[in-house]
Amino acid sequence: MNIRLPIRLIAGSLCFLYLVLPIVFVPSVREVLGLTPIAAGDYFIGAFYSLLTFLIVLQAPRDVVIRPGELRLHESVARAIAWLSILGSAYFFANALLSLDTLIYFDKVVAHMAYEEINLEHRLRLKYNMLLCVFLLSSIKARMKGWGTLFFLAPVLFEVVFSKHNYATHLLTYLFLLTWNSSVSRRTVVTVFTLAVLTLLGLRFAFYSDFQNSAMQSLAAMLGEFTISWQSIPSALTFHGSTFTSPNEWYSDVISSAAGLEIGLAGNPVAEAVFYFGDWAGPMIVASALGFVVVAHGSRQSLTGGIALMVTAYYLRDCFRTGWSLGASVYLKSLVIFLTATLFVNGTRWLATTMSERASKSEAST
C-alpha cells in the first residue's frame, strides 16, 4: 500500500496558524503579555514577510507518494523492528521519568528548565529522533497500523509532567496520516480533525474569557500557542544585525529575555532570518521557503527522500515556531539514517545471495 503525505495541507495549515492568523491579534497579544505597542514599521515588515512565506509554502506539491514496495525488507521483519523501536522508546523515557525527584511542577519556568536539563542529561532528543526514523521506516513497510501509536505513549506521558506537548503533536500527526491513508473519506478526516481543534480552542476561550478585559484579548489568549510566537518577529527586529549567539545559546532565548519574558517566544522562520541576517533577512526568508518547496518536490523522486520528508513533517510544527534550520537539520539527518539503513539492508541481501550462490556451486562441484 502506497502512503500519501499531504505535505501542502500540513505545511500550509501550520504556516497559516503560526504566521498569518496571529497578524490580526498582534495588539491584543501584546496587551495580554504586558509588552509595549508594536511600531507600525515593524508590524508591516512582520506581516509582509509572514504572508510572503505562506504564499511560497503553498507552492509545495499537494502529495508526496511513498512506495514501501521499493524497500527490500520483509513485512514480518519490518514489524519486528517497529516493535523493538516501541520498546526502546518506552525504556528510554521511562528511565528518564524514574530519575526525577518530583512528577509535579507548579512553576512553568522551573518545569521548562528541568525539562531541558533532563533532555540534555539523557540525550532524549537524539535517541527519540533516531528511534522515530527507524520506527517510521519499519511501520510504513508494515502498513501503518493502529498499534503504532504505542511508540508515542511513553514520550507523551514524559512531557505531561513538564506541561509540554511536542510529542503529543507527533502522535496526532501519526493518527492523521494513518486515517488519511485509510478507507475513511479524506474530507471526513479533515472535518473531524478541524472540529477537534475548534472544540479545544472553544474550551480555552471559555477559560481565558474570565481573566481578560475584552473578547479580542480572550481570543488572543485562546490562540496563544500560535499568536505568542509571532511576537518574536518584532523582538528579533530590535536585535537585527547583532552578533551571533554563542553555541550554547538559542536565539529565541535571547529575544524572549529582550522582550522581558523568561520563556515564551519560541520563534518562527521569519524571526530566525531577521535575527541572524538583519538587512539580508528578506532574501533569506524567500530562499529558505523556496528551499522547502524544492526539497518537497524533489522528495517525490525517491523512496529515501519521501520518507525523510515524512519525518520532517512530524517536526513542521516545531519549524514554524522555531525556524527552517530545524527542518533542514531533521531532513538531512533522516536522509543519512535512511541511506545507511538502505545500504545495510541491500548489503545484507547481497551477502546472503552471494553466500547462497557459492554454497550451490560448492554442492554442484562435489
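In this text the structure is predicted, and so the values were computed from the model without any measurement. (Residues numbered from 1 in each chain as written. Predicted model: local features only at pLDDT ≥ 70, side-chain atom pairs only at ≥ 80, totals over all residues. Heavy atoms only, no water.)

Engineer: Where do I start with the pattern of salt bridges in this structure?
Structural biologist: Where side chains of opposite charge bring their charged atoms close, a pairing between them can arise. All chains considered together, the criterion is met by four salt bridges. Of the charged contacts in the structure, one is a salt bridge between Glu-75 and Arg-79, with a shortest N-O distance of 2.9 Å. Placement of both Glu-75 and Arg-79 in helix H4 (residues 75–98) is noted, with a separation of four residues, approximately one turn of the helix. Taking relative accessible area as the criterion, Glu-75 reaches 24% and is therefore assigned partly exposed. The partner of Glu-116 in a salt bridge is Arg-125, with the nearest N and O atoms 3.0 Å apart. The class of Glu-116 is partly exposed, set by a relative accessible area of 29%. (Salt bridge = Lys/Arg side-chain N within 4 Å of Asp/Glu carboxyl O. Helix = DSSP H or I, 4+ residues; strand = E, 2+ residues; numbered from the N terminus. Buried < 20%, exposed > 50% of the residue type's maximum accessible area, 1.4 Å probe, protein only.)

Engineer: Sorry if this is basic, but what is going on with the packing of aromatic side chains here?
Structural biologist: One pair of aromatic rings is described through two measures. These are the centre distance and the angle between the planes. Inspection of the entire model under this criterion finds 26 aromatic pairs. Relative to Phe-226, the ring of Tyr-18 lies with its centre 5.1 Å away and its plane at 75°, an arrangement referred to as edge-to-face. With Tyr-18 in helix H1 (residues 7–20) and Phe-226 in helix H11 (residues 224–230), this pair connects stretches of sequence that are 208 residues apart. Owing to a relative accessible area of 1%, Tyr-18 belongs among the buried residues under this scheme. Relative to Tyr-174, the ring of Phe-135 lies with its centre 5.8 Å away and its plane at 40°, an arrangement referred to as tilted. Here Tyr-174 lies in helix H8 (residues 166–180) and Phe-135 lies in helix H6 (residues 124–141), a separation of 39 residues in the sequence. By relative accessible area, which is 0% here, Tyr-174 ends up buried. (Phe/Tyr/Trp six-rings, centres within 6.5 Å; stacked < 30°, edge-to-face > 60°.)

Such coordinate-based values are descriptive only and should not be taken to indicate function.
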